[in-house]
Amino acid sequence: MVWSFPSLPWRVVAVLQALVLVCLLVGGTAGRAAAQGFQTDLPRALLIDVGTGTVLFEKGADEPFEPASMAKIMTAEVLFHEIREGRLSLDKEFFVSEYAWRTGGAPSRSTAMFAAVNSNIPVRDLLRGLAIPSGNDAAIIIAEGISGTETAFTRAMNRRAAEIGLTRSSFVNASGLPAEGQVTTSRDLARLAAHVIATYPELYRVFSEPDFTWSKIQQRNRNPLLALNIGADGFLTGFTEQAGYGIVGSAVLDGQRLIVVVSGAKTARERDTEARKLLDWGLRSFEVRELFAASDVIGEASVFGGEKGGVALVSPTPVRVLVQRGSDERISARIVYRGPVIAPVDKGVPVGHLQVERGRLKALDVPLVTGEAVARGTLSQRALDAALEWGTGVVRRAFERLM
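Numbering of residues begins from 1 in every chain and follows the order in which that chain's sequence is written. For a predicted model such as this one, the threshold for reporting local features is a pLDDT of at least 70, and the threshold for listing and counting side-chain atom pairs is 80 or more; totals across whole chains, interfaces and linings nevertheless cover every residue. Just so you know, side-chain values use all the structure's heavy atoms and leave hydrogens and water out.

Each pair of strands is called paired provided DSSP finds at least two bridges between the two strands. Note on conventions: DSSP H or I runs of at least 4 residues are helices, E runs of at least 2 residues are strands, and numbering of each starts at the N terminus. The strand order across the open sheet formed by 6 strands is β15-β17-β18-β13-β12-β16, and the pairing between neighbours is mixed. Looking at strand neighbours, the two that pair on one side only are β15 (331–337) and β16 (341–342), the edges of this open sheet. Bridge analysis of strand β12 (residues 297–304) against β16 gives 2 bridges, and the strand direction is parallel. Counterpart to Phe304 in the pairing with β16 is Ile342.

Structure representation (structure tokens):
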């Protein structure tokens with residue numbers, strides 16, 4: 001949505017845009033309706049198209065829950081990051097401590113790769129033990145091998161999570177075993193999964209391997225989606241008594257990749273069925289619609305103290321959204337930014353976001369950057385801007401008190 005007031009001076013336009021922005025921000029907290037065309041009894045479900053970033057379906061996507069073994073995706077990300085940065089090789093061997101063996105190995109009676117205590121295991125095998133049978137011992141061995149202790153490793157997990165943009169996740173251990181304070185959301189897990197696929201495509205392939213043998217024990221990949229012939233190629237399941245059964249899965253068909261996250265299922269069968277139904281629905285029910293080409297002017301942000309009263313906003317990449325085939329759902333968009341932007345302004349500076357809604361579902365959130373440079377204005381222009389900004393602030397504060 002582009003706001004336009006062609007008959008008014010730009011500094012008055014700036015005031016009106018600021019007021020519209022406040023209205024949008026206040027109204028933006030309303031609850032979102034589930035996407036039409038799909039229903040699920042699960043408390044939490046999320047389906048995202050990776051190529052466009054479109055949210056195809058969401059229910060409880062920002063509700064916190066225990067990640068269980070799905071936390072191992074974050075453990076894998078830290079490991080992958082260390083390898084990419086050149087600080088670690090797949091041939092490096094890590095020692096199996098008694099703590100790792102007892103807490104996550106055979107004595108724990110939890111999912112394990114069955115690493116032998118006091119042995120040394122190459123990272124490449126630990127990675128397979130982490131990704132295929134979801135070994136808790138593998139996760140802890142990796143954590144200790146990288147950071148010395150599992151506690152120190154969780155600090156690296158949370159630091160990387162913040163850098164990736166996981167805003168509602170906190171990791172307490174590397175395995176996902178139940179622990180107070182360990183929490184995530186479906187949206188954070190989907191963002192993490194998309195990051196891993198895009199950043200480490202070669203290493204990600206390990207999640208698609210069908211089986212793994214260690215200590216003469218062969219184990220099948222615990223991801224049930226891999227055997228369903230729907231293009232699934234990775235990620236992990238999880239279960240705790242409190243959070244129920246969950247899964248993060250990804251599938252690609254004819255060049256379209258989807259990520260599904262479900263949790264809170266009462267049984268593994270329910271989890272598997274709902275995840276497959278979501279993927280099937282997403283792969284057959286949508287088509288791509290381009291809203292803006294790369295570098296198209298999408299809107300304008302107000303500028304304070306500049307030679308111009310506004311700066312063009314663009315997306316460096318095409319803005320595409322998936323819409324349901326044959327649907328008459330209303331597509332709307334709005335620009336959200338915190339402004340006005342202070343001059344001088346360089347070209348290519350991140351300023352705000354374009355939020356696209358399909359019906360009442362927030363389908364897309366695209367970062368916007370400035371499409372041009374705006375120099376600093378004259379002294380008189382800056383003085384007038386200051387007066388108008390003061391007046392706008394008074395009105396904004398009054399409006400917020402009213403609301």
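Quick look at helix α9 (residues 268–284) now. Multiplying one less than the number of residues by 1.5 Å gives the expected span of a helix. For α9, with 17 residues, the first-to-last C-alpha span of 25 Å sits near the 24 Å given by 1.5 Å per residue. Along α9, the residues that are buried comprise Arg271, Glu274, Ala275, Leu278, Leu279, Trp281, Gly282 and Leu283. Note on classification: 1.4 Å probe, protein chains only; a residue is buried when its accessible area is under 20% of the maximum for its type, exposed when over 50%, partly exposed between these limits.

The next point concerns the nonpolar core. Throughout, nonpolar core names a set of buried Ala, Val, Leu, Ile, Met, Phe, Trp, Tyr and Cys residues whose side chains join them through atoms within 4.5 Å. In terms of nonpolar packing, the biggest core is built from 60 residues, with Met74, Phe80, Val196, Phe207, Phe235 and Val248 touching the most fellow members. Of all elements in the fold, only β1 (44–49), α2 (72–84), α4 (123–131), α5 (136–147), α6 (150–164), α7 (186–199), α8 (201–204) and β10 (256–265) reach the threshold of two or more residues within this core. Here this core takes 7 residues from α2, the largest share from any one element. If sequence neighbours within four positions are ignored, Phe207 has contacts with Ala76, Phe80, Ala131, Asn221, Leu226, Asp233, Gly234, Phe235 and Leu236. Residues count as neighbours in contact if any of their non-hydrogen atoms are within 4.5 Å of one another.

All right, on to the environment of Leu354 then. Tracing the sequence through the fold places Leu354 in strand β17 (residues 350–358). Under the relative-accessibility criterion, Leu354 is labelled buried at 0%. Distance from Leu354 to Ala333, taken between C-alpha atoms, is 6.7 Å for residues 21 residues apart in sequence.

Another aspect to go through is the environment of Ile164. By the element assignment, Ile164 lies in helix α6. Overall, the relative accessible area of 15% leaves Ile164 in the buried class. Aside from chain neighbours lying at most four places away, what touches Ile164 is Met74, Glu77, Arg191, Leu192 and His195.

Before going further, it helps to spend a moment on the packing of aromatic side chains. Stacked, tilted and edge-to-face pairs are distinguished by plane angle, under 30 degrees for stacked and over 60 for edge-to-face with tilted covering the rest, among Phe, Tyr and Trp rings (Trp via its six-membered ring) whose centres lie within 6.5 Å. Under the counting rule described, the total for this entry stands at 10 aromatic pairs. Through a chain of ring-to-ring contacts, the aromatic side chains of Phe38, Phe57, Trp281 and Phe286 assemble into a single cluster.

A separate point is the packing of α2 against α7. Axis definition: a line fit to C-alpha positions, over the contact stretch in the case of helices; interaxial angles, taken between N-to-C directions, run 0 to 180 degrees. The interhelical angle for the contact between α2 and α7, taken along N-to-C directions, is 30°, at an axis separation of 10 Å. If you check the angle between α2 and α7, you find them roughly parallel. For the pair α2 and α7, the crossing hand works out as left-handed. When α2 is examined against α7, the residues Ile73, Met74, Glu77, Phe80 and Arg84 are found in contact with a partner set consisting of Leu192, His195, Val196 and Thr199. When grouped by side-chain class, the residues that make up the contact of α2 with α7 number 5 nonpolar, 2 polar and 2 charged. Angle categories are assigned with fixed cut-offs, so that under 35 degrees is roughly parallel, over 145 is roughly antiparallel, 65 to 115 is roughly perpendicular, and the rest are oblique. Two helices crossing with the near one rotated counterclockwise from the far one by less than a right angle form a left-handed crossing, whereas a clockwise rotation gives a right-handed crossing. Residues are grouped as follows: Ala, Val, Leu, Ile, Met, Phe, Trp, Tyr, Cys and Pro are nonpolar; Asp, Glu, Lys and Arg are charged; all remaining types, including Gly, are polar.

What follows deals with the pattern of salt bridges. As a working rule, side chains carrying opposite charge can pair if their charged atoms are close by. Within this document, salt bridges are pairs made up of a side-chain nitrogen of Lys or Arg and a carboxyl oxygen of Asp or Glu, the two lying within 4 Å of each other. Evaluation of the coordinates by the stated rule reveals 19 salt bridges. Residues Asp62 and Arg187 are paired through a salt bridge, measuring 2.8 Å at the closest nitrogen-oxygen approach. Here the residue Asp62 occupies a position in the loop between β2 (55–59) and α2, and Arg187 occupies one in helix α7, the gap between them amounting to 125 residues. Between Lys308 and Glu372 there is a salt bridge, with the nearest N and O atoms lying 3.1 Å from each other. With Lys308 in the loop between β12 and β13 (310–314) and Glu372 in the loop between β18 (361–370) and α10 (379–402), this residue pair connects regions lying 64 residues apart in the sequence. The exposure class assigned to Lys308 is partly exposed, which follows from its relative accessible area of 35%. One network of salt bridges, with partners in common, ties together Glu58, Asp62 and Arg187.

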